[in-house]
Amino acid sequence: MLDALSDAGRANSNAAVMYHTAMGERMGLGMSEEKTLDLLQRLGPLTAGEIAQHTGLAPASVSGLIDRLEAKWLVRRVRHPKDRRRVIVEVNYERIAGFGELFEPLVTGLTELYAGYSDEEVEVIVDFLQRATAIQVAATAKLTEGKGP
């Protein structure tokens with residue numbers, strides 16, 4: 001069963017990478033750009049350091065990533081409302097207004113999939129995904145440790 005779980009996880013990872021590569025191409029973005037937009041949409045405005053923490057990417061990589069998104073008018077750097085010394089990155093929602101419809105087939109399919117599970121099963125799946133995500137973010141950070149620009 002553990003081999004089957006490992007194989008299924010790898011297949012799911014491959015499918016996600018291919019999906020987000022294709023989605024990024026449709027949106028005119030690299031995969032890390034597309035996923036950072038998703039992160040900002042889910043969590044709200046973040047500092048560059050917070051983006052680095054959530055993604056596991058090196059700070060220099062995050063800075064370049066934000067520069068690319070800003071150059072495409074997809075995000076903007078603004079002063080933190082409570083601490084004017086800090087800068088946060090926020091999504092330019094007017095610019096991404098049409099992107100949501102591209103995700104509809106996936107969202108619909110997943111919603112139908114989720115309906116087939118009990119609340120208890122969903123709890124186990126959510127726990128697994130949260131813990132597996134933390135492991136993957138830590139592994140990403142390890143890979144990017146000490147990388148320069």
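Caption draft 1: Region of interest: the side chain of Thr144. Tracing the backbone shows Thr144 in helix H6 (residues 119–144). At a separation of 2.8 Å, a polar atom in the side chain of Thr144 contacts the main-chain carbonyl oxygen of Gly56. If near-sequence neighbours (up to four positions away) are discounted, Thr144 is found in contact with Gly56, Leu57 and Ala58.

Caption draft 2: Summary view of the nonpolar core. Core analysis: the largest hydrophobic core is formed by 19 residues, its most contacted members being Leu37, Leu40, Ile51, Leu69 and Leu74. Broken down by secondary-structure element, the contributors of at least two residues to this core are helix H1 (2–27), helix H2 (31–43), helix H3 (48–55), helix H4 (59–71) and strand E2 (87–91). No other element matches the 4 residues that H4 contributes to this core. The contacts of Leu69, once residues within four sequence positions are left out, are Leu29, Glu33, Thr36, Leu37, Leu74 and Val75.

Caption draft 3: Summary view of the packing of H2 against H4. One can describe the packing of H2 onto H4 by two numbers: an axis separation of 10 Å at closest approach and a directional angle of 80 degrees. When the interaxial angle is binned, H2 and H4 end up roughly perpendicular. Every residue of H4 that contacts H2 at Ser32, Glu33, Thr36 and Leu37 is listed here: Leu65, Arg68 and Leu69. Taken together, the residues that form the contact of H2 with H4 break down as 3 nonpolar, 2 polar and 2 charged.

Caption draft 4: Local environment of a nonpolar patch on the surface. A contiguous nonpolar surface patch, about 1,100 Å² in accessible area, is contributed by Leu2, Leu5, Leu106, Leu110, Leu113, Tyr114, Tyr117, Val122, Ile125, Val126, Phe128 and Leu129. It is H6 that provides the largest number of residues to the nonpolar patch, a total of 5 residues. Within the fold, Tyr117 resides in the loop between helix H5 (104–114) and H6.

Caption draft 5: Spatial organisation of a negative patch on the surface. Where like charges cluster on the molecular surface, the negative patch consists of Asp119, Glu120, Glu121 and Glu123. Its location among the elements puts Glu123 in helix H6. You can call Glu123 exposed: its relative accessible area is 57%.

Caption draft 6: Focus on H1. Taking 1.5 Å of rise per residue, 26 residues should cover 38 Å, and H1 covers 37 Å from first to last C-alpha, within 8% of that figure. Next to the buried residues of H1 lie H2. Two residues or fewer past H1, Gly28 is found with a positive phi of approximately 75 degrees.

Caption draft 7: Quick peek at the side chain of Thr47. Considering the arrangement of structural elements, one finds Thr47 in the loop between H2 and H3. The buried category is assigned to Thr47, whose relative accessible area is 10%. Among residues more than four places away in sequence, those in contact with Thr47 are Arg86, Val87 and Ile88.

The rules behind each value
Residues numbered from 1 in each chain as written. Predicted model: local features only at pLDDT ≥ 70, side-chain atom pairs only at ≥ 80, totals over all residues. Heavy atoms only, no water. Helix = DSSP H or I, 4+ residues; strand = E, 2+ residues; numbered from the N terminus. Polar contact = N/O pair within 3.5 Å; in protein donor to acceptor, adjacent residues only side chain to side chain. Contact = heavy atoms within 4.5 Å. Core = buried A, V, L, I, M, F, W, Y, C linked by side-chain atoms within 4.5 Å. Buried < 20%, exposed > 50% of the residue type's maximum accessible area, 1.4 Å probe, protein only. Axes fitted to C-alpha atoms, helices over the stretch in contact; angles between N-to-C directions. Parallel < 35°, antiparallel > 145°, perpendicular 65-115°, else oblique. Nonpolar A, V, L, I, M, F, W, Y, C, P; charged D, E, K, R; others polar. Patch = residues over 30% accessible without salt bridge, like charges linked within 9 Å, V, L, I, M, F, W, Y side chains within 5 Å. Areas by Shrake-Rupley, 256 points an atom, 1.4 Å probe, with all protein chains shown as cover. Salt bridge = Lys/Arg side-chain N within 4 Å of Asp/Glu carboxyl O. Lys, Arg positive; Asp, Glu negative; His and termini not counted. Charge placed at Lys NZ, Arg CZ, Asp CG, Glu CD. Expected span 1.5 Å × (residues − 1).

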